[in-house]
Amino acid sequence: MTTTDPLAPFQWLNVSENEGGGALGVIFSMAFLRGLEPAEVVRRFSLGEHSGEEADFGILSERVYEFVEETHGGEGGGHVGVLQAGEWCVAIEPFGWWVTDHAVVSRLSRGCEMLAVTRHDYAAEHSFEYAIDGTVVMGYRLRHPHERSGTDPDRLNDFMRELGMGLDEPVDDAAWHAAWDANYETAVPRGFALAAKVTGVPLTPALLDRPMLVGPIAPAW
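About the cut-offs
- Residues numbered from 1 in each chain as written.
- Predicted model: local features only at pLDDT ≥ 70, side-chain atom pairs only at ≥ 80, totals over all residues.
- Heavy atoms only, no water.
- Pairing = 2+ DSSP bridges.
- Helix = DSSP H or I, 4+ residues; strand = E, 2+ residues; numbered from the N terminus.
- Axes fitted to C-alpha atoms, helices over the stretch in contact; angles between N-to-C directions.
- Contact = heavy atoms within 4.5 Å.
- Salt bridge = Lys/Arg side-chain N within 4 Å of Asp/Glu carboxyl O.
- Buried < 20%, exposed > 50% of the residue type's maximum accessible area, 1.4 Å probe, protein only.
- Phe/Tyr/Trp six-rings, centres within 6.5 Å; stacked < 30°, edge-to-face > 60°.
- Lys NZ or Arg CZ within 6 Å of the ring centre and 35° of its normal.

**What to know about the sheet that holds strand S4 (residues 88–94)**
Argument step 1. Read across the open sheet, the 8 strands follow the order S2-S8-S3-S4-S1-S5-S6-S7; overall the sheet is antiparallel. The sheet is open, and its two edges are formed by strand S2 (53–55) and strand S7 (135–141), each paired on a single side. Each adjacent strand pair in this sheet contributes to an overall mean axis angle of 20 degrees, direction not counted.
Argument step 2. Relative to strand S8 (residues 212–216), strand S3 (residues 79–85) runs antiparallel, the two being bridged by 4 bridges. Counted as the bridge partner of Val 82 is Leu 213 from S8.
Argument step 3. Its contacts with the sheet put helix H1 (residues 38–45) on strand S1 (27–34), S3, S4 and S8, and the angle it makes with S3 is roughly 155 degrees.
Argument step 4. Against the sheet, helix H2 (residues 57–71) contacts S2, S3, S4 and S8, and its axis sits at roughly 160 degrees relative to S3.

**Focus: the pattern of salt bridges**
Argument step 1. Summed over all chains, the structure comprises 12 salt bridges.
Argument step 2. A salt bridge links Glu 113 to Arg 34; its shortest N-O distance comes to 2.6 Å. Placement of Glu 113 in strand S5 (residues 113–120) and of Arg 34 in strand S1 is noted, with a sequence separation of 79 residues between them.
Argument step 3. The exposure class assigned to Arg 34 is partly exposed, which follows from its relative accessible area of 32%.
Argument step 4. Linking Asp 152 and Arg 155 is a salt bridge whose minimum nitrogen-to-oxygen distance equals 2.8 Å.
Argument step 5. Exposure remark for Asp 152: the relative accessible area of 29% places this residue in the partly exposed category.
Argument step 6. Its relative accessible area of 41% is what places Arg 155 among the partly exposed residues.
Argument step 7. Within this structure, Arg 34, Glu 87 and Glu 113 form a network of salt bridges that share partners.

**Description of the packing of aromatic side chains**
Argument step 1. Here the structure, examined in full by the defined rule, presents 4 aromatic pairs.
Argument step 2. On the numbers, 5.7 Å between centres and 25 degrees between planes, the contact of Phe 28 with Phe 192 is stacked. Here Phe 192 lies in helix H6 (residues 187–199) and Phe 28 lies in strand S1, a separation of 164 residues in the sequence.
Argument step 3. On the basis of relative accessible area, Phe 28 is assigned to the buried category, the value being 1%.
Argument step 4. Across the ring face of Tyr 184, the terminal group of Arg 143 is positioned such that the distance to the ring centre comes to 4.1 Å.

Structure (structure tokens):
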């Protein structure tokens, strides 16, 4: 019998720094927004100052590199690339983490449905946020799926169980260590696999080859 690993399609998002970090590196975020057009998503990121320019991932990467050089990396990547994928817009934030900041999630998700995932190896706080119309429905740190918050923290439990996530709080030190070991290496692909289950958007490397609207992230964030 052949068994398909549900995490295999998302391992390209989990390449270690020692292995080169992959196409997006070891710090990046992706957000998925349903109910908005790409230009409106860019306007929300820029607080109404920009509707985006047609570009590709190479241009986005150049803008991010220049911004990080100027700011020494403390403010994220400063730019986002947005493209349409079915019913959802995908916002790619290289070297950034703003899309899982609660205040930003509230602003971006007003009047729409939004899901966001951040990988941040240096902070060791990979995170997931699912929001509807300005309110976080469910959020968790990717290595701690048993610590869910939001107005309906169990909303995505069935999907999470399908991906092998332990949702019950560990009862003792041995269980805590076992949960940590089980989640340490698989947290990032599981988080992005969960995003794909919710949105139906296939997260393949080909996503980065598509045309996108590139715009700035407002410094006020």
